[in-house]
Amino acid sequence: MTHQDPHSCWIFGSAQIAHADLDLTVDFDRQVIHGTADYRFDRALDSRLRLDTRTLQIDDVSSDGRSLEWRLEDETFLGRVLSVDGTRGLNTLRIRFATSPSAGALQWLTPEQTAGRKLPYMFSQCQAILARSVIPCQDTPAVRFTYDAVLRVPRELTAVMAAERTDVKQEGHHTVCRFRMRHPIPSYLFALAVGNIVSQRIGPRSCVYAEPEVLAEAAWEFADVQRMIEGAVELFGAYIWDRFDLLVMPPSFPYGGMENPTLTFLTPTLIAGDRSLVSVVAHELAHSWTGNLVTNATWEDFWLNEGWTVYAERRILERLYGAEFAHLQAAGGRNDLLVAFKNFSDTPQYTKLKTDLGGVDPDDVFSSVPYEKGYLLLVEIERAAGRDAFDRFIASYISDFGFTSITTGQFVEYLVRQLPEAVKGVDLDLWIHQPGLPESAPVFSSSLIDEVRAARARWDKGERNLQGVVSTWNVQQKVLFLEELPPRLTPEDCAHLERIFELEKTRNTEILQPWYSIAASSSYERVLPTIREFLGVVGRGKYLRPIYRALHENPQTRGLARELFEKFKNRYHPVARSAVQRILEK
Ligand SMILES: [Zn+2]
């Protein structure tokens, strides 16, 4: 089956990078990474090679010491293609290059933006199409390569990568770290971080890495990781990535987590002090199979990565904490999906599972649709097939497609072949190629959800004496209640919520986000200074987007949204910054 990734110049079926040897120096003064990349291809090249780059400076291209002719093509939203001539018959290539201070994948933090406040920090976030701003590459999830890397970083810092660290030593002004990734990975899973980073063991194959100031709390919060791994292995088969380490990022990290293989990156907002937000860890762990092992072929098939991973995440949670808890998470996910449908009301094509992203940056249309709609489709198939049959399907799907990248079409063909009877009752075309949600979409019941809905009925009748009920709830129940309230409340009701949910005391950001959205929409003056503080520290897009949207959509706080964004935008990772920018331009 042929396909072209609309976000890469790599032509399906042409020669691809099989291995990269990287020798890179991280220069904090100039905010650039510079060095060489030696590429080995899986076969001899044609007369011209094209690679994806973005804001990269190319200094030289050679093979076996012989310089080659190259040029950077015109800039598009995808960056600039590096075109190298005279490559016919070659198997290897060396490129000397440097990143730019504006590299979209990299964020350079001042000491003040770290927990320790003494040393700088730098990290990468390459998904979806930003790896090309760090190294020249075939920046498509359809191409996989192994790599070895040498990173030279300032002596007082250390480096980690989503790879095995094989050596660390001091040389002059530098700490020199060596890494090896022996499994072939797509470029979006290339990842590094440099800072004052230490580690603590939390399981036989897991360490937490973090700044020293947050290490102990982080190790406590994620102590359940080994049980999660064991549960996941029973569900999905052997864990092939050797290590499952966790890196707790500075607060500006734009996502909840990023499934960088062997070293998951996590937002510090998960450190709630009560182990209540570990579902993100289950999610990133699940990616070890769905996403990192079986990978979407293009970002138009993103639901194959994320729908499957949400499904896997909730199976792990069900195993650890019971079906009632997993169903509660699913009910929250369904609410997120409805919000996404509302946000896409003018562009419903982005509520399809298989999207058409020609000319569109995948990050511009990032939403919960591939996650939660994809999840609901898989649950519908599971319910049609029965769990035992579906579990056998999962096992064969992962073993048949491991270390490959597949399209939605390939998935459907395989599904119809493996579960012919079950899929007869599932309207796959409606689910995959039409916007919105089919009426048949699964709904979830759980006594935990019932408790929330009962309290809501009392609230709607005017009852405000609910703290006795709410105090017995878990975090996800509280979130569900807050999310399902009307967005605008009277100041009196805002004050009731503060009291009922003890909001002034909570440090749990999952609860704070829907609360801050309500407070912003309601112009609840008392909380605006706290929101200002929050937006100045936390860079997680999941929180920034709804809070900025609420401020922006309320005429009374629209100016404040603009003012805060201007003040804080340079503290956000480029991915989160442009997501907020788009909201404020609407
Ligand atoms: Zn994910």
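In case you missed it, the structure is sitting above this.
Residues numbered from 1 in each chain as written. Predicted model: local features only at pLDDT ≥ 70, side-chain atom pairs only at ≥ 80, totals over all residues. Heavy atoms only, no water.

Give me helix α3 (residues 279-286): which residues, what numbers.
When you tally the buried positions in α3, you get eight out of eight residues, the bulk of the element. Of all the residues in α3, the buried ones are Ser279, Val280, Val281, Ala282, His283, Glu284, Leu285 and Ala286. (Buried < 20%, exposed > 50% of the residue type's maximum accessible area, 1.4 Å probe, protein only. Helix = DSSP H or I, 4+ residues; strand = E, 2+ residues; numbered from the N terminus.)

Account for the coordination of the zinc ion, with residues named and values stated.
Coordination of the zinc ion by the protein involves His283 (NE2), His287 (NE2), Glu306 (OE) and Glu306 (OE), with metal-donor separations of 2.0 to 2.7 Å. Sequence spacing among the residues donating to the zinc ion works out to H-x3-H-x18-E. For His283, a relative accessible area of 8% puts it in the buried group. Note on His287: relative accessible area 0%, which makes it buried. (Donors = N, O, S within 2.8 Å, 3.2 Å for Na, K, Ca; no water.)

Could you give me a rundown of the packing of helix α15 (residues 509-521) against helix α16 (residues 528-537), with the residues and numbers involved?
Taken N-terminus to C-terminus, the directions of α15 and α16 make an angle of 130°; their axes are 10 Å apart at the nearest point. The orientation of α15 with respect to α16, classified from their angle, is oblique. The chirality of how α15 crosses α16 is left-handed. Together, Thr509, Tyr516, Ala519 and Ala520 of α15 and Thr530, Ile531 and Phe534 of α16 make up the contact between the two elements. When the residues that make up the contact of α15 with α16 are grouped by side-chain class, the tally is five nonpolar, two polar and no charged. (Axes fitted to C-alpha atoms, helices over the stretch in contact; angles between N-to-C directions. Parallel < 35°, antiparallel > 145°, perpendicular 65-115°, else oblique. Left-handed = near helix turned anticlockwise from the far one by under 90°. Contact = heavy atoms within 4.5 Å. Nonpolar A, V, L, I, M, F, W, Y, C, P; charged D, E, K, R; others polar.)

Describe empty space enclosed by the protein, and please don't skip the residues or the numbers.
Per the stated rule, a full pass over the model turns up three cavities of 30 Å³ or more. If you add up the space inside the largest cavity, you get close to 50 Å³. Around the largest cavity, the lining residues are Tyr239, Trp241, Phe244, Glu259, Asn260, Pro261, Thr262, Leu263, Thr264, Glu284, Ser288 and Asn292. (1 Å grid on protein atoms, 1.4 Å probe; cavity = no way out; pocket = protein on both sides within 12 Å on 5 of 7 lines; lining within 4 Å. Points joined across faces, edges and corners; volume = space filled by probe spheres on them.)

How would you explain the layout of surface pockets if you had to name every residue and give the values?
It is the rolling of a water-molecule-sized probe over the atoms that shows where space remains empty. The space that makes up the second largest pocket amounts to roughly 690 Å³. Lining the second largest pocket are 27 residues, with Pro251, Pro268, Thr269, Val537 and Val538 sitting closest to its centre. Secondary structure elements with two or more residues in the lining of the second largest pocket: α1 (212-221), α15 and α16. Element by element, the count of residues in the lining of the second largest pocket is highest for α16, at five residues. Along the lines of polarity and charge, the residues of the lining of the second largest pocket split into 13 nonpolar, seven polar and seven charged.

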